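What follows is the residue order along each chain.
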Amino acid sequence: MQKLERSADLVETVKNTIFDAILKGQLVPGEKLSQDSLAEKLGVSRQPIGQALRMLLEHGIVCPLDKKSLTVAAISQVSLVQILDIRRELDSFSAGLAAERTKAGLLEESDFQIIEALDKLQKKHTDTTLIAFEDSVIDDIEFHRLIRALSGNPYVHTIMAPHLLHHHRLMYIMNSNRRDTIWSEHAKILDAIKIGDAELARSLVWRHIKDAADIASMST
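Residues numbered from 1 in each chain as written. Predicted model: local features only at pLDDT ≥ 70, side-chain atom pairs only at ≥ 80, totals over all residues. Heavy atoms only, no water.

1. Regarding the overall build of the protein chain
- Helix and strand content of the protein chain: 10 helices and two strands.
- Secondary structure elements of the protein chain occur, N-terminal to C-terminal, as α-α-α-β-β-α-α-α-α-α-α-α.
- The C-alpha atoms of the protein chain give 19 Å as radius of gyration, which agrees with the globular expectation for 220 residues (17 Å, within 12%).
- The principal-axis extents of the C-alpha atoms in the protein chain amount to approximately 55 × 40 × 35 Å. (Helix = DSSP H or I, 4+ residues; strand = E, 2+ residues; numbered from the N terminus. Rg over C-alpha atoms; globule rule 2.2 N^0.38 Å.)

See below:
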């Protein structure tokens, strides 16, 4: 972790930086999260560190290590399956809605901008060997976020929002063993949406997440 520049919302920046370190394995379950050490590494006072850790505690990303200390929460097999069960249904639902809107000619200018962004992501990952693992995960998260946006139903994101931090941790696990297949599957999903085949789009996303979840469950 590098020292942070001062920002208008320092606590949010600190929270995101700590969470990013958790994603990258720089902070791991069982390790004591020292406020003094984190403050020194990030070049900030203890106060924003404490506030950021409380926010992560509320989300279940960190948990008590003992009476006075916190650590990174482990992802249990049960939690992984439960979160991915919900995400599989929501994301397949979103893809189906996006395809239905395409077929019905209901896409607006902002939707075509989303499709353009999806095309750029897909083109970027034509050769996955040229992309760093962390960038691949970030782009995978963004791909599915854009599909949800293309659904035209804002409540999908509202339902997902409280669980996004856990979801992003899962994405790192899910991507670890299947980078070669993720983007080829994304291409098929995007094609199904573009041709307006809602049933195909839903089934492709459902299988895409189910296969990833099966692999991830064996890795935890």
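More follows now that the structure is in view.
2. Quick look at the pattern of salt bridges
- One pass over the full model with this rule turns up 15 salt bridges.
- Notably, a salt bridge pairs E142 with R145, separated by 2.8 Å at the nearest N-O pair. Here R145 and E142 lie together in helix α6 (residues 133–150), a separation of three residues that amounts to about one turn.
- A relative accessible area of 27% places E142 in the partly exposed class. (Salt bridge = Lys/Arg side-chain N within 4 Å of Asp/Glu carboxyl O. Buried < 20%, exposed > 50% of the residue type's maximum accessible area, 1.4 Å probe, protein only.)

3. Topic: the packing of helix α2 (residues 35–42) against helix α3 (residues 46–58)
- In contact at an axis separation of 9 Å, α2 and α3 are set at 115° when each is read in the N-to-C sense. Considering only the axes of α2 and α3, their crossing is right-handed. In this structure, α2 contributes Q35, D36, L38, A39 and L42 to the contact, and α3 contributes R46, I49, G50 and L53.
- Among the residues forming the contact of α2 with α3, the class breakdown is five nonpolar, two polar and two charged. (Axes fitted to C-alpha atoms, helices over the stretch in contact; angles between N-to-C directions. Left-handed = near helix turned anticlockwise from the far one by under 90°. Contact = heavy atoms within 4.5 Å. Nonpolar A, V, L, I, M, F, W, Y, C, P; charged D, E, K, R; others polar.)

4. Quick notes on helix α5 (residues 109–124)
- Taking 1.5 Å as the rise per residue, α5 with 16 residues should run 22 Å; its terminal C-alpha atoms sit 23 Å apart, in good agreement.
- By the burial criterion, the buried members of α5 are D111, I114, I115, L118, L121 and Q122. With its buried residues spanning 115° around the axis, α5 presents them on a single face. Exposed and facing more than 90 degrees away from the buried side of α5 are E109, K120 and K123. (Expected span 1.5 Å × (residues − 1). Arc of directions from axis to C-beta.)

5. Comments concerning the nonpolar core
- Counting residues in hydrophobic clusters, the biggest one holds 35 residues, and the most contacted among them are V14, I18, L27, L33 and I49.
- Listing elements by their share of this core, those giving two or more residues are α1 (10–23), α2, α3, β2 (70–72), α4 (77–103), α6, α8 (164–175) and α10 (198–219).
- The element that contributes the greatest number of residues to this core is α1, accounting for eight residues.
- The contact partners of L27, leaving out residues within four places of it in the chain, are I18, A21, I22, L33, L38 and V72.
- F143, L150, L190 and I193 belong to the second largest nonpolar core, which has 22 residues in total. (Core = buried A, V, L, I, M, F, W, Y, C linked by side-chain atoms within 4.5 Å.)

6. Quick notes on the layout of surface pockets
- Size it by volume and the second largest pocket reaches roughly 160 Å³.
- Every residue lining the second largest pocket is listed: K32, L33, S34, Q35, D36, R46, L53, K68, S69 and L70.
- Elements represented by at least two residues in the lining of the second largest pocket include exactly α2 and α3.
- Counted by class, the lining of the second largest pocket contains three nonpolar, three polar and four charged residues. (1 Å grid on protein atoms, 1.4 Å probe; cavity = no way out; pocket = protein on both sides within 12 Å on 5 of 7 lines; lining within 4 Å. Points joined across faces, edges and corners; volume = space filled by probe spheres on them.)

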